[in-house]
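# Structural characterization, general
In case you want the letters, here they are:
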Amino acid sequence: MKKYGFAFAVAVLALALTGCDACKENIFTGMGDSVATIGKSGLEKETILAQRAAQRATRCAEQKAAELKAKAGF
């Protein structure tokens, strides 16, 4: 049981250090990509990874647009 507690503490610490910035690749996006592609190979795996990268880029662009909009006062 102590192993799970330690793993949880490390995960929380990693999240605190990396933040939830959609524009940065972090350990959680890498882990999510790995889980999403378990059992996949070739073109199917590359397609999933490309889609996930595109979704992250879209979230990043939306986040940056919202920040610029807030700075402009809209």
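Summary of the structure given here. (Residues numbered from 1 in each chain as written. Predicted model: local features only at pLDDT ≥ 70, side-chain atom pairs only at ≥ 80, totals over all residues. Heavy atoms only, no water.)

### Considering the pattern of salt bridges
Selection rule: What makes a salt bridge here is a side-chain nitrogen of Lys or Arg within 4 Å of a carboxyl oxygen of Asp or Glu, nothing more. Strands here are runs of E lasting at least two residues and helices are runs of H or I lasting at least four, both read from the DSSP assignment and numbered beginning at the N terminus. Accessibility here uses a 1.4 Å probe with only protein chains present; expressed as a share of the type maximum, an area under 20% marks a residue as buried, one over 50% as exposed, and anything in between as partly exposed.
Per the stated rule, a full pass over the model turns up three salt bridges. Across the salt bridge formed by Glu25 and Arg56, the nearest N and O atoms sit 3.3 Å from each other. Pair noted here: Glu25 is in the loop between α1 (2-18) and α2 (27-36) and Arg56 is in helix α3 (residues 42-72), with a separation of 31 residues, a long-range link. With its nearest N and O atoms 2.5 Å apart, the salt bridge here joins Asp33 to Arg52. With Asp33 in helix α2 and Arg52 in helix α3, the pair connects residues that are 19 residues apart, well separated along the chain. Judged by its relative accessible area of 26%, Arg52 falls in the partly exposed class.

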